[in-house]
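These are the residues of each chain, in order.
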Number of protein chains: 2
Amino acid sequence: MPDSAIRPRKEFGKTIAADITHRLREEIIACALPPGEPLRFDVLRERFGASFTTLREALTALAAEGLVDAQEQRGFRVAPVSRQDLVEVTDARVLIEVELIRRAIEKGDDDWEIAVISTLHRLKRIEQRDPEHPLRDPEWKIAHRQFHEALVSACGSATLLAIRAELFDRAERYRHLSAGFRPRPRDKAGEHQAIMQAAISRNADLAVQLIETHIRSTSDNVAKYAAHLLDAE
Amino acid sequence: MPDSAIRPRKEFGKTIAADITHRLREEIIACALPPGEPLRFDVLRERFGASFTTLREALTALAAEGLVDAQEQRGFRVAPVSRQDLVEVTDARVLIEVELIRRAIEKGDDDWEIAVISTLHRLKRIEQRDPEHPLRDPEWKIAHRQFHEALVSACGSATLLAIRAELFDRAERYRHLSAGFRPRPRDKAGEHQAIMQAAISRNADLAVQLIETHIRSTSDNVAKYAAHLLDAE
DNA sequence: CCAGACCATATTTTCGAAAATCATATCGTT
DNA sequence: AACGATATGATTTTCGAAAATATGGTCTGG
């Protein structure tokens with residue numbers, strides 16, 4: 001699926017508003033639209049080719065997700081970043097993800113195991129192609145997300161999965177923020193492998209501990225290498 | 001502030017869209033708009049006196065909160081209720097509220113104690129006026145919400161407070177759903193008093209246990225007395 | 001030189017018409 | 001009668017103009 005091809009007006013079956021919401025979300029997470037950036041309608045109108053009201057709907061939805069900051073009567077801007085927000089997002093992620101991993105390990109069936117194993121396999125394959133800059137590869141991003149999603153998918157709560165997904169997005173934006181300044185990725189491949197093994201062997205305590213470390217060390221890395229961006233705002 | 005007076009076009013400083021979002025949220029939580037009800041624009045347009053696009057923005061925001069169900073190309077409807085959803089909301093609330101109570105008890109200062117005590121006092125005063133039907137009194141609803149909000153307000157995480165608030169709204173809708181069929185309110189006054197005392201005396205374990213019981217028994221009550229509504233859909 | 005009022009411009013917000021899409025009824029064919 | 005295609009009406013979705021509001025600069029009086 002060549003994304004460079006001319007993009008159809010909208011994806012099949014979807015409203016334009018939903019499509020714009022999706023594209024805006026991607027750009028904000030990737031920091032193509034940097035934190036704090038004012039989102040003026042003229043500019044967005046040109047960039048996304050949609051009308052005022054359609055854009056407004058998309059921005060409102062993203063504001064509810066915490067990726068956009070709505071300032072009444074004064075427009076929208078990309079949600080600013082801060083050290084405090086990074087800490088809150090990290091904390092909330094640990095709280096929820098830990099619980100979901102426990103539930104998934106308890107409830108997961110054969111399909112769950114297969115999903116965990118196959119998404120990790122796919123992730124490793126992509127990492128082999130370009131071991132230096134995984135975060136820049138959009139396929140790696142998708143595969144990484146899908147692996148972590150597969151891990152908790154069997155938890156049994158759509159409500160908590162939706163909350164988890166929002167927090168994951170907000171955290172991923174911080175990862176992108178520091179991506180350009182980080183010297184080298186840690187041994188993520190090894191961490192993911194260990195998490196998978198703990199999950200499949202139903203060792204909940206170990207899986208929980210690994211996940212917590214995984215989340216917190218990523219966050220620490222961001223705080224370290226994006227420090228100048230976090231203190232500026 | 002007589003709400004029966006002619007409502008101004010919109011509240012001061014707010015956009016019409018934000019105002020409509022607020023009013024729609026209230027009506028959905030109160031089950032004035034019953035679960036599953038289709039939300040057609042003609043009807044809403046007449047009821048709320050706003051245009052298509054403004055309503056659409058409000059509905060999109062509420063969809064992100066889980067109170068409205070957006071069906072692509074086929075409009076919106078009030079989010080349906082189900083036994084499964086009630087269980088998920090209850091579970092998620094316990095997980096988060098328990099954590100927030102712990103943090104608030106650890107971090108709460110004098111202002112927090114004062115807020116907890118005074119919101120409970122206000123709640124008890126309102127209950128004295130009409131001990132039979134507290135849920136029908138809109139002032140009781142507000143006071144009840146403010147007491148529970150005060151309890152966790154000192155937790156230090158705006159992110160988790162926002163998530164908690166959404167879950168509280170969704171749970172309140174279920175309370176309203178069963179309100180008409182419940183024979184008698186339990187001794188809520190006593191429960192709130194006990195929670196307050198545990199919190200103020202910094203007995204985190206006790207407070208956590210009381211809150212969990214409080215949430216779960218409310219949920220059980222809903223499941224019992226609104227059973228016919230939960231299985232229908 | 002500063003503070004406040006005023007105007008002009010930029011930007012957001014709202015509206016209803018028009019286009020797109022879906023649901024339903026009707027008809028023709030097997 | 002059953003089925004599929006098609007037309008018709010109902011409903012949602014999108015658009016750009018128009019109204020409302022904020023912003024920034026200029027002028028005036030102290």
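All values derive from a computational prediction rather than experimental measurement.

Basis of the calculations
- Residues numbered from 1 in each chain as written.
- Chains lettered and ligands numbered in written order.
- Predicted model: local features only at pLDDT ≥ 70, side-chain atom pairs only at ≥ 80, totals over all residues.
- Helix = DSSP H or I, 4+ residues; strand = E, 2+ residues; numbered from the N terminus.
- Rg over C-alpha atoms; globule rule 2.2 N^0.38 Å.
- Buried ≥ 20, exposed ≤ 12 C-beta atoms within 10 Å, placed from the backbone.
- Contact = placed C-beta atoms within 7 Å.
- Near = placed C-beta within 6 Å.
- Expected span 1.5 Å × (residues − 1).
- Arc of directions from axis to C-beta.
- Least-squares fit on C-alpha atoms with pLDDT ≥ 70 in both.
- Pairing = 2+ DSSP bridges.
- Axes fitted to C-alpha atoms, helices over the stretch in contact; angles between N-to-C directions.

Trainee: Would you take a moment to explain the overall build of chain A for this structure?
Mentor: Counting secondary structure elements, chain A contains 10 helices and 3 strands. Listing each helix as α and each strand as β along chain A from the N terminus yields α-β-α-α-β-β-α-α-α-α-α-α-α. Against the compact-globule benchmark of 17 Å for 233 residues, chain A has a radius of gyration of 18 Å, which places it among compact chains. Expressed as lengths along the three principal axes of its C-alpha atoms, the size of chain A is roughly 55 × 45 × 35 Å. Out of the 233 residues in chain A, the part that is buried amounts to 37%. Put simply, of all contacts in chain A between residues at least 6 apart along the chain, 75% involve residues at least 24 apart.

Trainee: Would you take a moment to explain the protein's contact with DNA strand D for this structure?
Mentor: Around DNA strand D lies a shell of 20 residues, among which Thr15(A), Ile16(A), Arg40(B), Phe41(B) and Gly75(B) are the nearest. Elements with a minimum of two residues in the surface near DNA strand D: helix H1 (16–29) and helix H3 (52–65) of chain A together with helix H2 (41–48) and helix H3 (52–65) of chain B.

Trainee: How should I be thinking about the protein's contact with DNA strand C in this particular structure?
Mentor: For DNA strand C, the set of nearby residues contains 20 residues, the closest of which are Arg40(A), Phe41(A), Gly75(A), Thr15(B) and Ile16(B). Every element with two or more residues in the surface near DNA strand C is listed here: helix H2 (41–48) and H3 of chain A together with helix H1 (16–29) and H3 of chain B.

Trainee: So what exactly am I meant to see when it comes to helix H8 (residues 188–200) of chain B here?
Mentor: All names here are of chain B. With 13 residues, H8 should cover 18 Å at 1.5 Å per step; its first-to-last C-alpha distance of 18 Å lies within 8% of that length. Buried within H8 are the following residues: His192, Ile195, Met196, Ala198 and Ala199. Viewed end-on, H8 has its buried residues packed into an arc of 165 degrees, placing them on one side of the element. At its buried positions, H8 is contacted by helix H4 (83–107), helix H5 (110–129), helix H6 (138–152) and helix H9 (204–225). One or two positions beyond H8, positive phi appears at arginine 202, with a value near 60 degrees.

Trainee: Where do I start with the relation of the copies chain B and chain A in this structure?
Mentor: Copy one and copy two of the chain differ by a rotation about a common axis and a shift along it. Between chain B and chain A, which share one sequence, the superposing operator has a rotation angle of 180 degrees and an axial displacement of 0.0 Å; the RMSD is 0.0 Å. Both copies are brought into coincidence by an operation consistent with a two-fold rotation axis.

Trainee: Explanation requested: the environment of Asp137(A) in the structure shown.
Mentor: Residue and element names in this part refer to chain A. Within the element layout of this structure, aspartate 137 appears in the loop between helix H5 (110–129) and helix H6 (138–152). When the C-alpha atoms of aspartate 137 and threonine 54 are compared, they prove to be 30 Å apart, with 83 residues separating the residues in sequence. Once residues lying within four places of it in the same chain are set aside, the contact partners of aspartate 137 are Ile126 and Asp130.

Trainee: How should the sheet that holds strand E2 (residues 68–70) of chain B be read in this particular structure?
Mentor: Each strand in a sheet pairs with its neighbour through backbone hydrogen bonds, running either in the same direction (parallel) or in the opposite one (antiparallel). All names here are of chain B. Read from one edge to the other, the open sheet built from 3 strands follows the order E1-E3-E2, with strand pairing classed as antiparallel. Whereas interior strands pair on both sides, the edge strands pair on one side only; in this sheet they are strand E1 (38–39) and E2. In the sheet, E2 pairs with strand E3 (residues 76–78) via 3 bridges, with the strands oriented antiparallel. Paired with alanine 70 across the strands is phenylalanine 76, a residue of E3. The strands that H3 touches are E1, E2 and E3; relative to E2, the one it contacts most, it runs at about 105 degrees.

Trainee: When you look at unusual backbone geometry in this model, what are you seeing that I'm missing?
Mentor: Apart from glycine, the bulk of residues carry a negative phi angle, and the bulk of peptide bonds sit in the trans form. Residue and element names in this part refer to chain A. The phi torsion at glutamine 73 lies on the positive side, around 65 degrees, for a residue other than glycine. Residue placement: glutamine 73 occurs in the loop between strand E2 (68–70) and strand E3 (76–78). Residue arginine 202 is not a glycine yet carries a positive backbone phi of 60 degrees. Given 12 C-beta atoms within 10 Å, arginine 202 falls into the exposed group.

Trainee: Help me out: how do you make sense of the sheet that holds strand E1 (residues 38–39) of chain A in this one?
Mentor: All names here are of chain A. Ordered in space as E1-E3-E2, the 3 strands form an open sheet in which the pairing is antiparallel. Two strands lie at the open edges of the sheet, namely E1 and E2, each paired on one side alone. Pairing analysis gives 2 bridges linking E1 to E3, with the strands arranged antiparallel. Counted as the bridge partner of leucine 39 is phenylalanine 76 from E3.

Trainee: Help me understand H1(A) in this model?
Mentor: Residues and elements named next belong to chain A. In a regular helix each residue adds 1.5 Å, so 14 residues correspond to 20 Å; H1 covers 20 Å between its end C-alpha atoms and thus fits that length. All of the buried residues in H1 are Ala17, Ala18, Ile20, Thr21, Leu24, Ile28 and Ile29. The arc that holds the buried residues of H1, viewed along the axis, is 160 degrees, so those residues lie on one side. Those residues of H1 that are buried lie in contact with H2, H3, E3 and helix H7 (158–179). Of the residues trailing H1, cysteine 31 is marked for its positive phi of about 60 degrees.

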